[in-house]
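Residues per chain are reported as follows:
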Amino acid sequence: MKGALEKIRKILLWKPGRVLLAVGCCGLLLLALIPLFRLTIYAVPYYDDYNFGRFARAAMEQEQSKWAAISGALDCSRTQWYAWQGTYSSIFFMTLMPAVWGEQYYFLGPVFILLLLLAGSMVFTHVILRKVFRMEQWSSLAIQAVITIAEFMFIYSAQSGFYWYNGGIHYVGMHGFGLLFLSVAICLERAEGRTAKGLLFTASVLLAMITAGSNFVTALQGLLCLLTILLVSVVVERRRTGLWLLPSTLGVPRIGFGLNVAAPGNSVRARSYVGWGYGPLESIGRSFLEAVKHIPEYTGPVVLMVMLLLVPMIWQAVKSTDYRFRYPGIVLALSFCLYATGYTPSLYSLGHAGLSRTLNAVKITYLLLLFLNEIYWIGWLRQLLEKRAEQTTGQLTIQKWAIRNGAAAWWFYVLIGVACLVIFRASSNQAGHYSSYGAYYYVHTGEAYNFHQEYLERVAILSGPEKDVQLPAYQFRPWFLCMGEISEDADNEANRSLAMWYHKDSVTLKEKD
């Protein structure tokens, strides 16, 4: 009897090791990504994809070279800088919409966006956890994977974030570049050796130019983060290697961001939205209100479960680090301010928190800061308990018990999984709230395939000789893939962009019977 009870006790108290947790979390990340990548083959271009892509295609037709698309992208960036907006790097990538080489290649755009976010998230969290917090590699990898799963799973809008190339590359893609830029900047600030410094410096300058010419959320937050890194490195930690950041901090980003903000096209665009936005100071003040208002929406029960899942992993990870988590309150305050800046550009220009594609970037920042603050606060708490435990001898205190008991038993992770499943089942919009499930749902039900077939039928009609074309309405409209529909009005902007792309006099939607 005692032997059986001992076996049961051992089974119940079994704790998965760090390597097993890391492998399991990476496996979950892979499972979350598979349906998202699978759905990309059904993505189709819409509206501004054509408006920007036409510059690249025109250059290719004129020069009879596929590489001419790059000169077309540069021409579009220059034209839009004067005519509409100053986001030169975003426009460059928008123009290189893969369908310029053929409709069958459009899926490469969403794939590129997904890879950018994946690389940005994994590299950035790796640099923070390993280079800054100096955590053990397997614990760090597990935490990185969980954070990255959350960013993909809880994206504000998978539709405009992943599967519409124009909107996705402008915000999610550029945010991926921004995370890579900050990662390189942190590595440069700590680099040793001329070769490493030279390579990192070159990469930081290139990524600085890309980030500075992106959307205002990414550009502004990137510049503020870079200034913070420089301040901490040179002033607080007194590392002279941080001076390598001066050109990429005070030079390239300022020049790039200045070109972005000072573009004549911004004034042209602003005249289209006269009276919409708030003044500069009011926009800043309202940013904090919007930040508070969106926290419940961005957090939610499942995100709280993910935070709870991370607690034992983080508790174990901070055990072996010599990093001192000394200022949790300051880090939290600065994080909230940085998160709030994501709303400022939209409030200033449009008078509201932002379109769904803008909120994608804001929510990515929020989730990253949320989990990094969790790590910082847990690190601070553990070090506080360790300090107090040292002051007591003999008796087993709560502090000593908490320090000794770090890893969680296997059933803890099972309970978290069950809780997440219950929350998922209770959701009123499972496909919309959980991107990986949404992608799986649209593929599994056949909606994505049928929608794409209808798109190909439209392409066949548009490729015909008729100059005035009427298209049948979509019967299948999977939300992730269908950004919108054209109109019965030939002068509708979406209609005109389609007509221009296929060299038609007019394109309209067939009237309903």
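Source: prediction; values computed, not measured. (Residues numbered from 1 in each chain as written. Predicted model: local features only at pLDDT ≥ 70, side-chain atom pairs only at ≥ 80, totals over all residues. Heavy atoms only, no water.)

### Section: empty space enclosed by the protein
- Tallying each qualifying case throughout the model produces 2 cavities of 30 Å³ or more.
- There is about 190 Å³ of room inside the largest cavity.
- Elements that contribute at least two residues to the lining of the largest cavity include exactly helix 22 (447–462) and helix 23 (493–501).
- Per-element accounting of the lining of the largest cavity gives the leading share, 5 residues, to helix 22.
- Tallied by class, the residues present in the lining of the largest cavity amount to 17 nonpolar, 2 polar and 2 charged.
- Computed from the structure, the second largest cavity encloses a volume of approximately 60 Å³.
- Around the second largest cavity, the lining residues are Phe 181, Ala 208, Thr 211, Ala 212, Ala 219, Gly 222, Leu 223, Leu 226, Pro 253 and Phe 257.
- Elements supplying a minimum of two residues to the lining of the second largest cavity: helix 10 (194–212), helix 11 (216–236) and helix 12 (245–261). (1 Å grid on protein atoms, 1.4 Å probe; cavity = no way out; pocket = protein on both sides within 12 Å on 5 of 7 lines; lining within 4 Å. Points joined across faces, edges and corners; volume = space filled by probe spheres on them. Helix = DSSP H or I, 4+ residues; strand = E, 2+ residues; numbered from the N terminus. Nonpolar A, V, L, I, M, F, W, Y, C, P; charged D, E, K, R; others polar.)

### Focus on the packing of aromatic side chains
- In the structure shown here, the tally under the stated rule is 37 aromatic pairs.
- Between the aromatic rings of Tyr 156 and Tyr 298, the centroid separation amounts to 6.2 Å while the plane-to-plane angle is 85°, which identifies the pairing as edge-to-face. Here Tyr 156, found in the loop between helix 7 (137–153) and helix 8 (158–163), pairs with Tyr 298, found in helix 14 (residues 280–317); they are 142 residues apart in sequence, far enough to count as distant.
- On the basis of an interplanar angle of 75° and a centroid distance of 5.6 Å, the ring pair of Tyr 339 and Tyr 343 is categorised as edge-to-face.
- For Tyr 339, a relative accessible area of 2% corresponds to the buried category. (Phe/Tyr/Trp six-rings, centres within 6.5 Å; stacked < 30°, edge-to-face > 60°. Buried < 20%, exposed > 50% of the residue type's maximum accessible area, 1.4 Å probe, protein only.)

### A few points about unusual backbone geometry
- For Arg 134, which is not a glycine, the phi torsion comes out positive at approximately 55°.
- Topologically, Arg 134 is positioned in the loop between helix 6 (108–132) and helix 7.
- One non-glycine residue, His 503, lies in positive phi territory at about 55°.
- Structurally, His 503 is set in the loop between helix 23 and strand 2 (506–509).

### Some thoughts on the packing of helix 6 against helix 17 (residues 356–390)
- The geometry of helix 6 relative to helix 17 is characterised by a closest axis approach of 12 Å and an angle of 25° between their N-to-C directions. Between helix 6 and helix 17, the interaxial angle falls into the category roughly parallel. The hand of the helix 6/helix 17 crossing is right-handed. Residues Leu 117, Phe 124, Thr 125, Ile 128 and Leu 129 of helix 6 form the contact with helix 17, whose participating residues are Ile 364, Leu 368, Leu 372 and Ile 375.
- Residue composition of the contact of helix 6 with helix 17, grouped by class: 8 nonpolar, 1 polar and no charged. (Axes fitted to C-alpha atoms, helices over the stretch in contact; angles between N-to-C directions. Parallel < 35°, antiparallel > 145°, perpendicular 65-115°, else oblique. Left-handed = near helix turned anticlockwise from the far one by under 90°. Contact = heavy atoms within 4.5 Å.)

### Side note on the environment of Arg 496
- Within the fold, Arg 496 resides in helix 23.
- With relative accessibility at 44%, the residue Arg 496 sits in the partly exposed group.
- The spatial distance from the C-alpha of Arg 496 to the C-alpha of Ser 506 is 7.1 Å, given a sequence separation of 10 residues.
- Contacts of Arg 496, omitting those with residues within four sequence positions, involve Ala 490 and Asp 491.

### Description of the nonpolar core
- Counting 143 residues, the largest nonpolar core has Phe 133, Ile 143, Phe 162 and Met 313 as the members making the most contacts within it.
- Here this core gets 15 residues from one element, more than from any other, and that element is helix 17.
- When neighbours within four sequence positions are excluded, Ile 143 is seen to be in contact with Leu 129, Met 135, Leu 310, Met 313, Ile 314, Ala 317 and Ile 375.
- Membership of the second largest hydrophobic core comes to 5 residues, among which are Tyr 88, Ala 219, Leu 223 and Phe 257. (Core = buried A, V, L, I, M, F, W, Y, C linked by side-chain atoms within 4.5 Å.)

Note that all results are geometric; they support no functional claim without further evidence.
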